[in-house]
Amino acid sequence: MQALITARRGASVAIAAVTAVTIGWAASAGATDRVILAFNPPTQETNLFWNGIGEKMPSMQSLVGNDPLTGAYDNSELAAEWSANESFTEWTFRLHEDAEFHHGWGPVTSADVIHSYELHTGPDSTIVALEQLRAAEVEALDDHTVVFHFAEPRTDYAFQHAGRGAMVVYSKAQFDAEGIDGYINKPAGTAPYQYVERRIGEGILFEAAPDHWQGATPDFPELYIRFVAEPATKLALLLAGEAHIADLPREIQGEALAAGKTTIASQNPAMHTGAFFKGVYNRTGDPAHNPDLPWGDVRIREAMNRALDREQMIEILYDGRAEPVARWGMHPPHEGYVPELAERFDEMYGYDPERAKELLAEAGYPDAFPDPTVPIIVTALSGNPEFATMAELLQVFFEEIGMQTEMREMDWATLGALSRAREDYVIAPSRNAPIRPSEAGIVNFFTTRGTPFGGLEDDTIEGLANALQNEIDPAERERIAAEAWTYLFDIYADIPLAALHFELSVDPTVVADWTFPGVTTNSVSHYHLIEAAD
Amino acid sequence: MRRFLVIRFLQALLALWVITIIVFGLSHLTGSPIDALLPDDASPEQIDNLIRHWGLDRPYHVQYLTFLGNALQGDFGESLKWRGQSALGVVLQRLPATLQLGGLAILISVVVAIPLGVMAAVRKGTTLDASANVIALLGQSLPTFWLGIILIWVFAVGLGWLPTSGYGGITYMILPAVAMAWFQIAALTRLTRSAMLEVLDAEYVKLARLKGVPEWQIVWKHALRNAAIVPLTYFGVLAGSILTGSVVIETVFAWPGTGWLAIEAIRGRDFPVVQTVVLVFAVVYLGLNFIVDALYAYVDPRIRYD
């Protein structure tokens, strides 16, 4: 194990050595009008939000906001208030009457919301959760009231307009005057920062919106997001004072700290990580069901969970800066949270290689299985550089209890294709970011209607997910969600690992603080709350 | 001479055609762009829409022939990652950045390597020669990305003399250009040195010395002119290496050229842009080699077909 840790950190040590030599020379940044953020390049470089996959620019706003501390829905974006009817088939959003678009494009009205909705649900839309955003009908009751009508209950529709960020609001007046080119060249938003310029491959510049309708006055008049893919380069930018905030991987954050930089974390966990038992298609009559799959047997799944020393994994993967999570997807603020599962975790999932070996023997592993090899996916995913190491650790721990494993290198998109074809008989690292409300989490990851990057499916969880989706009584929803989480816990539906806060390395001579909840698709938000150092 | 050029030109076209097949085949072998471009929980409707929109539902040979036919007219399709822009437009927009960087790297390579190689040959066995050999050894053994990072740490972070990365004027170009040039300096120095050693041992050089021609004239005028044919033939390879080397260096230095573009397009499975980048690289590479061949034939009539 130690060798693995050593190998993984080889590059970091080399950088650290150079850092140690150069740290004394590092230029310090002084007061500045422009705060520079060195971030990974976006998945798609476009100003058309619906042509991306949820990367919201600091100039744009959704209907529903999030409290910067708790992440709770609030009216800090375009909707002053919202409500659902009793059957949750109508959601009414009342807009702030004083909301104004940037660059003089006028007030925000219901027409802008409907226009934006049509763009986001059009044929070229690639946004996340399109189906969750789509309504049967959208209607403007007046200039500042919009109603979304649905054929079935939609209890978590506010989520689609808040942290999930499935839709942002563009100016219809700008579209009418300039067409789509207006959005491509200089989209008017409504946030405290307004768009200035995008340079392909380099970054995007924003400036504080003059006379912002919310009265927001960011500490920094300008905000520049620089696209830098290479972590070592991002670290260099930060140390040289060319960037003030960087989304460094955890493994090199220590170098930044050693050079006098600080870390700012999201107020809440931004994601859950772990691994999925994929290819367990246990619904009755599912043609993809494979009865010979070793991890189709609950004893094998329990053994694989008990094989893991999670404390050590968290230390290696996240430098210890993560919270263990008992149930992947279950989150205290959301429906059906069952605190007892955390109390039962050690008893059910605790590190116990001897018990794991007994369980394998009880299941007849390996002889009872035509192919006892467990394929583990080695993959990379933006925002989760630890996935490859996680796969290596899983292999080490599984082999320690006598399992046969095989590492398969595969990019995330290929894994997705395999999953869409329902041929993903593998174990794969997985994440839930942002941590979804319970209904979305259960449906997305454990039913046939969810993401292909989901895990185990069976009749029970499918039934519970259906019941949850159709239930509108809050107490009953709580009960169903709790039952679903407990069921998934009891059948070892996956390999839960950690709840992670989103961490940023920061130059404290320029940036004093940044309060953001960590509950959005981008993980970062509330750019206007970046506080300048004195 | 004309026959030689025509044959070389046809060979270049053939190579280009083969490259189109390889790049089309390889890029499609990596999987569908749908899985890279759509979110994890894309709906079947979103998937179908994009597959239809980009013609990915057609047989491969139809897709290839369409691609080839359009490419001959300069139409490489629409970028999948940089939506709303043509693939060729995206590549051409980034090409000047790569040519700037590559041009400076070639200039540094030539300016450093040729004199160093000549001096190492003239002063064979001296400290200068040994130093040139060490530089060549280091240049050929140090990975470019590692050298790039070290240059950033020393000259940008440590000394603060130059910017760490990004696109800009000459100060932004120095570190990435040096990182790109380093390997080429090593290769070119060794080639120049060995060619010069051979020439300096030639009879006509000895005769020139006997006739009292000044040594600097013998070295820089007579010997180098004849030895230069070897590094000249390497120039095509050098230019190609600079282009392909840009993929790594531009990523390390966040330099938004075609190398960076290639990486981003591969990550996003932006087939049209990947294909365009490779074909543009191929055209530049083949074009430069064609020029080198022509110059070679001009300098050395023995290799002409006629």
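Residues numbered from 1 in each chain as written. Chains lettered and ligands numbered in written order. Predicted model: local features only at pLDDT ≥ 70, side-chain atom pairs only at ≥ 80, totals over all residues.

Chemist: Explain the nonpolar core residue by residue, including any values.
Modeler: Counting 234 residues, the largest nonpolar core has Ala236 and Ala484 of chain A together with Val277 of chain B as its most contacted members. For this core, the element with the highest residue contribution is helix α8 (residues 170-200) of chain B, accounting for 18 residues. Discounting residues that sit within four places of it in the chain, Ala236 of chain A has contacts with Ile152, Trp153, Ala156, Val157 and Thr164 of chain B. (Core = buried A, V, L, I, M, F, W, Y, C linked by C-beta atoms within 7 Å. Buried ≥ 20, exposed ≤ 12 C-beta atoms within 10 Å, placed from the backbone. Helix = DSSP H or I, 4+ residues; strand = E, 2+ residues; numbered from the N terminus. Contact = placed C-beta atoms within 7 Å.)

Chemist: Account for the domain arrangement of chain A, with residues named and values stated.
Modeler: Residue and element names in this part refer to chain A. Per the domain assignment, the segments of chain A are domain 1 (14-45 + 191-268 + 503-534), domain 2 (60-174) and domain 3 (271-500). A straight line from the C-alpha centre of domain 1 to that of domain 3 covers 34 Å. On the side of domain 3, seven residues touch domain 1, which itself brings eight residues to the contact. For the side of domain 1 that touches domain 3, the per-class residue count stands at two nonpolar, five polar and one charged. (Domains from an automatic or database assignment. Nonpolar A, V, L, I, M, F, W, Y, C, P; charged D, E, K, R; others polar.)

Chemist: Explain the sheet that holds strand β4 (residues 79-84) of chain A to me, using residue names and the numbers behind them.
Modeler: Residues and elements named next belong to chain A. Reading across the sheet, the four strands line up as β4-β5-β7-β6 and stay open at both edges, with antiparallel pairing between neighbours. In this open sheet, the two strands that pair with only one neighbour each are β4 and β6 (137-142). Pairwise comparison of adjacent strand axes, ignoring direction, gives a mean angle of 20 degrees for this sheet. In this sheet, strand β5 (residues 90-95) lies alongside β4 in antiparallel orientation, the contact comprising five bridges. For Ala79, the partnering residue across the bridge sits in β5 and is Leu95. This element, helix α3 (residues 110-120), spans β5, β6 and β7 (145-149) of the sheet and lies at about 170 degrees to β6. (Pairing = 2+ DSSP bridges. Axes fitted to C-alpha atoms, helices over the stretch in contact; angles between N-to-C directions.)

Chemist: How would you summarise the interface of chain A and chain B if you had to cite specific residues and measurements?
Modeler: A common way to report how large an interface is uses the accessible area buried once the components associate. With 47 residues of chain A in contact, the opposing surface of chain B contributes 43 residues. Sorting the residues of the side of chain A that touches chain B by element identifies α2 (10-22), α4 (130-133), β10 (222-227), α8 (231-239) and α15 (412-420) of chain A as the ones contributing at least two each. With five residues, the top contributor of residues to the side of chain A that touches chain B is α8 of chain A. Residue composition of the side of chain A that touches chain B, by class: 26 nonpolar, 15 polar and six charged.

Chemist: Explain the packing of helix α5 (residues 87-122) of chain B against helix α13 (residues 271-299) of chain B to me, and be specific about the residues and the numbers.
Modeler: Between two packed helices, what matters for the description is the angle formed by their axes and the separation of those axes. All names here are of chain B. Relative to each other, α5 and α13 sit at 50 degrees, their axes nearing to 9 Å. In terms of axis orientation, α5 runs oblique to α13. Once α5 is placed against α13, the crossing between them reads as right-handed. Across the interface between the two elements, Ala87, Leu88, Val90, Val91 and Leu95 from α5 touch Pro272, Val273, Thr276, Val277 and Val280 from α13. (Parallel < 35°, antiparallel > 145°, perpendicular 65-115°, else oblique. Left-handed = near helix turned anticlockwise from the far one by under 90°.)

Chemist: So, the pairing of strand β9 (residues 203-208) of chain A: which residues are in play, and what are the values?
Modeler: All names here are of chain A. Looking at chain direction, strand β8 (residues 193-199) and β9 are connected through six bridges and run antiparallel. In the sheet register, Gln194 faces β9, and the bridge partner there is Glu207. Between β8 and β9, which pair antiparallel and follow one another directly, the connecting turn spans three residues, one of which, Gly201, has a positive phi of 80 degrees. Sheet topology note: the β9/β10 ladder contains five bridges and is antiparallel. Its bridge partner being in β10, Ile204 is matched across the sheet by Ile225.

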